[in-house]
Amino acid sequence: MPIDVHQHIWPPALIELLRSRTTPPCLDGWTLHLTGEPPYTVDPADHDIVARTRLAATDGLDLALVSLSSPLGIEGLPAAEAAPLLAAFHDGALALPAPFAVWASCCLSAPDPDAVERELRRGCVGLQLPATALLDAEGWARCAPLLDLLARHDKPLFVHPGAVPPAPGTPPWWPALVPYLQQMHASWYAFRAFGRARHPRLRVCFAALAGLAPLHGERLAARGGGRGEIDFDVFYETSSYGTRAVDALVRTVGIDVIVSGSDRPYAPPALPDLGADAALHALRTANPARLLHGRTRIPAPVPTQP
């Protein structure tokens, strides 16, 4: 059952609401305007449901998990602005045909665990939060009621890059290579320092290989942070990375916590060459299934009677 844990589709109602806005995030025709990024020309086919369903079949997927793209900044809007946009996303995404399933999102200016619980009960596989909400101890504490809810429902958290501040004069690729990865790096270390102890049962997936944060383990140990054991309930999603980066992370945290994600439509799938079909099976099937459903608990053997 090949799974892509990271895709984005804008349902038609969300597109229309974005077009009705006059301040970012907003759409002018098919041109997306955000606060911290240059105008982006959207390909209508990227959000054509029939075309994306065919593309998922071409990619050989049995499941593609769709999330609201956090760099849009919708989660950080005032509640009155965020609510209709979030409703349009959830209603439209949950109505998508197979093989799509949905990560829930929530308003962070006025967090409402009850609203998240409703989306989980409607069928969302877990909750996406922007890394910008989880950069330090205060952020993990502020989001704790949402994370407690996930733990009660045995659902995972997906940490995705969030909105970025304006950076005039930078090239178009700057947001994806600098602030996005800085956010992922900081949120991973903040989880290690502050989040895991508070949420011992939570399964977490960090997009973009957590900004390659685990590769700094030697420096962490040298500065007194310790090496620690591998956390088998923390996963690393592969979008926009290839063989070299994935192989380096496998050597650091092991293959059992790497999960395949593409970030479609912003990047095509890239399957790393790790030298064995079993490795791809782990990334595309076994590991994503464990992210979504937890560890398989094998019953203890029944003693045989003499």
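Details of the structure are given in the entry above.
One structure accompanies this document, and this report is about it. As the structure is a prediction and not an experimental result, all values here were calculated from the model.

Conventions used here
- Residues numbered from 1 in each chain as written.
- Predicted model: local features only at pLDDT ≥ 70, side-chain atom pairs only at ≥ 80, totals over all residues.
- Heavy atoms only, no water.
- Salt bridge = Lys/Arg side-chain N within 4 Å of Asp/Glu carboxyl O.
- Helix = DSSP H or I, 4+ residues; strand = E, 2+ residues; numbered from the N terminus.
- Buried < 20%, exposed > 50% of the residue type's maximum accessible area, 1.4 Å probe, protein only.
- Pairing = 2+ DSSP bridges.
- Patch = residues over 30% accessible without salt bridge, like charges linked within 9 Å, V, L, I, M, F, W, Y side chains within 5 Å.
- Areas by Shrake-Rupley, 256 points an atom, 1.4 Å probe, with all protein chains shown as cover.
- Phe/Tyr/Trp six-rings, centres within 6.5 Å; stacked < 30°, edge-to-face > 60°.
- Lys NZ or Arg CZ within 6 Å of the ring centre and 35° of its normal.
- Contact = heavy atoms within 4.5 Å.

## Section: the pattern of salt bridges
This structure, assessed with the given rule, holds 11 salt bridges. In this structure, the salt-bridge partner of Arg19 is Glu16, at a minimum N-O distance of 3.1 Å. Residue Arg19 and its partner Glu16 are both found in helix α1 (residues 12-20); the two are separated by three residues, about one turn of the helix. Between Asp247 and Arg251 there is a salt bridge, and its shortest N-O distance comes to 2.7 Å. Placement of both Asp247 and Arg251 in helix α10 (residues 243-253) is noted, with a separation of four residues, approximately one turn of the helix.

## Examining the pairing of strand β5 (residues 63-66)
Residues Leu63 and Leu65 of β5 are buried on one face, and the alternating residues Ala64 and Val66, pointing to the opposite face, are buried as well. For β5 and strand β6 (residues 100-104), the ladder comprises three bridges, and the chain directions are parallel. Directly across from Leu65, in β6, lies its bridge partner Ala101.

## Regarding a nonpolar patch on the surface
Residues Trp173, Trp174 and Leu177 make up a contiguous nonpolar surface patch of roughly 330 Å² in combined accessible area. Turning to its location among the elements, Trp173 is positioned in the loop between β8 (157-160) and α7 (174-177).

## Quick look at the packing of aromatic side chains
Following the criterion strictly, the structure yields six aromatic pairs and no others. Measuring from centroid to centroid gives 6.0 Å for Trp173 and Trp174, while their planes differ by 40°, and the two rings are tilted. Using a relative accessible area of 31% as the deciding quantity, one classes Trp174 as partly exposed. In this structure an aromatic cluster arises from ring pairing among Trp140, Phe191 and Phe206. Sitting over the face of the ring of Trp30, Arg19 holds its NZ or CZ atom 4.5 Å from the ring centroid.

## Focus: the environment of Thr41
Note that Thr41 resides in strand β4 (residues 40-41). Between the alpha carbons of Thr41 and Trp30 there is a distance of 6.0 Å; along the sequence they are 11 residues apart. Residues in contact with Thr41, not counting those within four places in the same chain, are Trp30 and Thr31.

## Quick word on unusual backbone geometry
In this structure, Pro25 follows Pro24 across a cis peptide bond, with omega equal to 0°. A positive phi angle, near 55°, is found at Leu209, a position not held by glycine. Position of Leu209 among the secondary structure elements: in the loop between β9 (204-206) and α9 (217-222). Located in the positive-phi region is Ala210, a residue other than glycine, with phi close to 55°. Of note, Ala210 is situated in the loop between β9 and α9. For Ala210, a relative accessible area of 0% gives the class buried.

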